[in-house]
Amino acid sequence: MTFGGDKRMLYLCNAMTDNLMGEARRPGRIEVVCGSMFSGKTEELIRRMRRAEFAKQKVEIFKPAIDTRYSEEDVVSHDQHAIPSTPIDSSASILLLSSDIDVVGIDEAQFFDMGIVDVCNELANRGVRVIVAGLDMDFRGVPFGPMPALCAIADDVTKVHAICVKCGNLAYVSHRIVEDERRVLLGETQEYEPLCRECYQKAIKEK
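Residue positions are counted from 1 within each chain, in the order its sequence is given. Only residues with pLDDT of 70 or above have their local features reported here, since the model is predicted, and side-chain atom pairs are shown and tallied only from 80 upward, although totals for entire chains, interfaces and linings are computed over all residues. Each side-chain value is derived from all of the structure's non-hydrogen atoms; neither hydrogens nor water enter the calculation.

When helices and strands are tallied, the chain shows six helices and ten strands. Residue exposure (1.4 Å probe, protein chains only): buried if accessible area is under 20% of the type maximum, exposed if over 50%, otherwise partly exposed. Counting over 207 residues, the chain shows a buried share of 43%. Any pair of residues with heavy atoms lying within 4.5 Å of one another is described as a contacting pair. Long-range contacts, defined as pairs at least 24 residues apart, comprise 72% of the intrachain contacts of the chain with a sequence gap of at least 6. Accessible surface area values rest on a Shrake-Rupley calculation with a 1.4 Å probe, where residue burial reflects the displayed protein chains alone. Accessible surface for the chain amounts to roughly 11,000 Å². Of this, 53% is attributable to carbon and sulfur atoms. In DSSP terms, a helix is any run of H or I states spanning at least four residues, a strand is any run of E spanning at least two, and both are numbered starting from the N terminus.

Okay, the packing of aromatic side chains next. Paired rings are identified among Phe, Tyr and Trp, the last through its six-membered ring, by centres lying within 6.5 Å, and are further divided according to the angle between planes into stacked (under 30 degrees), edge-to-face (over 60) and tilted (the rest). Scanning all chains against the criterion turns up one aromatic pair. Between Phe-111 and Phe-144 the ring centres are 5.9 Å apart and the planes differ by 85 degrees, which places this aromatic pair in the edge-to-face class. Here Phe-111 is found in the loop between strand S6 (103-106) and helix H4 (115-125), whereas its partner Phe-144 is found in the loop between strand S7 (129-135) and helix H5 (147-153), with 33 residues between them in sequence. Placement of a positive charge over a ring is assigned whenever Lys NZ or Arg CZ falls within 6 Å of the ring centre and within 35 degrees of the normal to the ring plane. Across the ring face of Phe-139, the terminal group of Arg-176 is positioned such that the distance to the ring centre comes to 3.7 Å. Across the ring face of Tyr-172, the terminal group of Arg-197 is positioned such that the distance to the ring centre comes to 4.1 Å.

Before going further, it helps to spend a moment on the pattern of salt bridges. A side chain with one charge can pair with a side chain of the opposite charge if their charged atoms come near. Here, a salt bridge means any side-chain nitrogen of Lys or Arg that lies within 4 Å of a carboxyl oxygen of Asp or Glu. Enumeration over the complete set of coordinates arrives at ten salt bridges. Salt bridges sharing partners connect three or more residues here, namely Arg-29, Glu-31, Glu-44, Arg-47, Arg-48 and Arg-129.

A few words on the environment of Tyr-192. Examined against the element boundaries, Tyr-192 turns out to sit in strand S10 (residues 192-195). Each C-alpha atom of the pair Tyr-192 and Arg-176 lies 4.5 Å from the other, and the pair is 16 residues apart in sequence.

This brings us to the sheet that holds strand S1 (residues 29-35). Pairing is parallel in the open sheet, where six strands are placed in the order S5-S2-S6-S7-S1-S8. In the strand order of this sheet, the two ends are held by strand S5 (86-88) and strand S8 (156-160), each with one partner. Strand-to-strand twist of the sheet, defined as the mean angle between neighbouring strand axes without regard to direction, takes the value 20 degrees. Each pair of strands is called paired provided DSSP finds at least two bridges between the two strands. Pairing of S1 with S7, which is carried by seven bridges, proceeds in the parallel orientation. Residue pairing in the sheet places Glu-31 in a bridge with Ile-131 of S7. Only the stretch in contact is used when fitting a helix axis, every axis being a line fitted to C-alpha atoms; angles between N-to-C directions are given from 0 to 180 degrees. Packed on one face of the sheet, helix H2 (residues 41-54) meets S1, strand S2 (59-64), S6, S7 and S8 and runs near 165 degrees to S7.

For helix H6 (residues 197-206), the set of buried residues is Cys-199, Tyr-200 and Ala-203. Across the axial projection of H6, the buried residues extend over an arc of 100 degrees, all falling on one side. Exposed residues pointing more than 90 degrees away from the buried face of H6 are listed as Glu-198 and Lys-205. For H6, the elements touching its buried residues are strand S9 (173-176) and S10. Arc definition: directions from the helix axis to the C-beta atoms.

All right, on to the pairing of S9 then. Side chains Val-173 and His-175 of S9 all project onto a buried face; the interleaved residues Ser-174 and Arg-176 project onto the opposite face, where all are buried too. Across four bridges, S9 lies against S10 in antiparallel orientation. For Ser-174, the partnering residue across the bridge sits in S10 and is Pro-194.

Honestly, that's just the spatial picture; any functional story needs more than this.
Right, here's the structure in full:
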């Protein structure tokens, strides 16, 4: 029994080693994680960045300077998981600050200028793995900022879903529940709720 247990442990250790070696060998690429608010986008970004760190890669994560909801510097998920980041005002800063970096993470990419698309392409062409997280649509259900273009050039797109607070189905959009027509309004559950397509249509008809 002990020998069998040792063999299983050796197998698991070898699998973990192979997994991390595969992580370290990933070529330049763009990965996009998108969805509505409360869907786990930032959580997934943090998870992938932590794995890259564990694989002894040099990582750097950037976020828009305007996003100070949980922290002025850290990227923080709704579940309060955090990772140090560099707040920036312009996508061009990413190229200046990411020399000699293996993996670049970008959170809340919808708030960046359209130059973020060329920045991500240039990094990937240099051999950098780029992991981007952002809202795919705004509160009106309209594609948000550079996200459609980022999804188009990505090597891999992962769409994650929150749960509709009305019916429990997969959420489609972040419905704004306060009276404010600005496209960019930083907020949490006091300002937004995730709704499926059907519940969203009902909500906007009731306004």
